[in-house]
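Given next are the chains, with one letter for each unit.
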Amino acid sequence: MTDTRTAIRELIRSTIEGEGSAWGERGFFIVELACRENSAGGIDEITVTMDCDGADDEGRMRGVGIDDCALLNREVTARLEAEYGEGWDCQLTVMSAGLGQPLKLGRQYQKLIRQASLKDGGDLPRVDVLFKDGKKLTGAVLCGIGYDSSDDGADAPSAIEVAYTVKELVPGKKRKTDVEHREQIRLADTKAVSEHFDFK
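What this report covers is the structure whose coordinates are included nearby. Because the structure is a prediction, the values reported are computed rather than measured.

1. Some points on the overall build of the chain
Reasoning step 1: Across its full length, the chain holds four helices and eight strands.
Reasoning step 2: The secondary structure elements of the chain, listed N-terminal to C-terminal, are α-α-β-β-α-β-α-β-β-β-β-β.
Reasoning step 3: Projected onto the principal axes, the alpha-carbon positions of the chain cover approximately 75 × 45 × 30 Å.
Reasoning step 4: Burial status across the chain gives 36% buried among its 200 residues.
Reasoning step 5: Considering only intrachain contacts with a sequence separation of at least 6, the fraction spanning at least 24 residues in the chain is 52%.
Reasoning step 6: Within the structure as shown, the chain displays about 12,300 Å² of accessible surface, and the carbon and sulfur contribution to it stands at 46%.
Reasoning step 7: Between the averaged position of the 27 positive side-chain charges in the chain and that of its 37 negative side-chain charges there is a distance of 11 Å.

Here it is in structure tokens:
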């Protein structure tokens, strides 16, 4: 079954990101690809989470829509049935990496920075960092540092550099004032890093 799992993952990856893939040419990429086995050792559930950093005809970031997920679902199902026969019975779910979901790939961080640069003012994107010890931090992500290709070939930064402000007492001041810090954060020390949304 390990060989089947590997073959399925390669089939899906080639559909979305393979050479000559229309999906890949438009900027779609896989964030997470999970295959769940049943008690008999067969695969009965596949979940594909994808993102997109391509631009539309007007230069805006494209994103992943419901229609994209439905179309890709049909395409992958057809390829699986062609490979394993029409009796292939597996639950396939294709979804977008939605708002508030943890960032996993360097490509997602790069997308955030590109999105921010296209907005008026070109501010750096802000992220919420939740550490394993429960501490939280919100700041502007500056860059990814060092990349790890061990996770199924998907590049993920091993650390990020974040700029944030903290109210502190400084010499000569009676009240706390905002002091900017820059910190390199090892992602191994975090529980999750997600895009910050200010709904005020």
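Still to come is the rest of the account.
2. Topic: the side chain of D68
Reasoning step 1: Tracing the chain through its elements places D68 in helix 3 (residues 66-84).
Reasoning step 2: Apart from residues no more than four positions distant in its own chain, D68 is found in contact with W23, R26, F28, M50 and G63.

3. Considerations on the packing of aromatic side chains
Reasoning step 1: A full pass over the atoms with the stated rule returns one aromatic pair.
Reasoning step 2: With a centroid separation of 5.1 Å and 80° between ring planes, the pair formed by W23 and F28 is classed as edge-to-face.
Reasoning step 3: Among the residues examined, W23 registers a relative accessible area of 3% and is labelled buried.
Reasoning step 4: Since its relative accessible area comes to 1%, F28 is described here as buried.
Reasoning step 5: Across the ring face of W23, the terminal group of R26 is positioned such that the distance to the ring centre comes to 4.7 Å.
Reasoning step 6: Over the aromatic face of F131 sits the side chain of K135, whose NZ or CZ is 4.6 Å from the ring centroid.

4. Thoughts on the sheet that holds strand 2 (residues 43-52)
Reasoning step 1: Taken in spatial order, the three strands line up as 1-2-3 in an open sheet, and their pairing is mixed. The outermost strands of the open sheet, each flanked by one partner alone, are strand 1 (28-37) and strand 3 (91-96). Pairwise comparison of adjacent strand axes, ignoring direction, gives a mean angle of 15° for this sheet.
Reasoning step 2: Strand direction decides the pairing type here: strand 2 and strand 3, joined by six bridges, are parallel. Each bridged residue has a counterpart across the sheet, and for T49 the counterpart in strand 3 is M95.
Reasoning step 3: On top of the sheet, helix 3 reaches strand 1, strand 2 and strand 3; it is set at about 150° to strand 3, its chief contact.
Reasoning step 4: Across the sheet, helix 4 (residues 106-118) touches strand 1 and strand 2, and the angle it forms with strand 1 is around 145°.

5. A few points about helix 3
Reasoning step 1: For helix 3, spanning 19 residues, the distance from its first C-alpha to its last is 27 Å, which sits close to the expected 27 Å at 1.5 Å a residue.
Reasoning step 2: Taken together, the buried positions of helix 3 are D68, C69, L72, V76 and L80. Buried residues of helix 3, seen end-on, are gathered within an arc of 90° and therefore sit on one face of the element. Residues of helix 3 that are exposed and angled more than 90 degrees away from the buried face: I66, D67, R74 and A82.
Reasoning step 3: Directly beyond the C-terminal end of helix 3, a positive phi value near 95° is found at G85.

6. Some remarks on the pattern of salt bridges
Reasoning step 1: Throughout the structure, instances matching the rule amount to ten salt bridges.
Reasoning step 2: The salt bridge involving D51 is made with K111; its shortest N-O contact spans 2.6 Å. Note that D51 is positioned in strand 2 and K111 in helix 4, a separation of 60 residues in sequence. The pair formed by D51 and K111 is uniform in burial state, with each residue classed as buried.
Reasoning step 3: One salt bridge in this structure joins R186 and D189, with 3.1 Å as the shortest N-O distance.
Reasoning step 4: Classification of D189 by relative accessible area gives partly exposed; the value is 35%.
Reasoning step 5: Overlapping salt bridges, with partners in common, bring together R36, D44 and E45 in one network.

Definitions and cut-offs
Residues numbered from 1 in each chain as written. Predicted model: local features only at pLDDT ≥ 70, side-chain atom pairs only at ≥ 80, totals over all residues. Heavy atoms only, no water. Helix = DSSP H or I, 4+ residues; strand = E, 2+ residues; numbered from the N terminus. Buried < 20%, exposed > 50% of the residue type's maximum accessible area, 1.4 Å probe, protein only. Contact = heavy atoms within 4.5 Å. Areas by Shrake-Rupley, 256 points an atom, 1.4 Å probe, with all protein chains shown as cover. Lys, Arg positive; Asp, Glu negative; His and termini not counted. Charge placed at Lys NZ, Arg CZ, Asp CG, Glu CD. Phe/Tyr/Trp six-rings, centres within 6.5 Å; stacked < 30°, edge-to-face > 60°. Lys NZ or Arg CZ within 6 Å of the ring centre and 35° of its normal. Pairing = 2+ DSSP bridges. Axes fitted to C-alpha atoms, helices over the stretch in contact; angles between N-to-C directions. Expected span 1.5 Å × (residues − 1). Arc of directions from axis to C-beta. Salt bridge = Lys/Arg side-chain N within 4 Å of Asp/Glu carboxyl O.

Treat this as a map of the structure, not an account of what it does.
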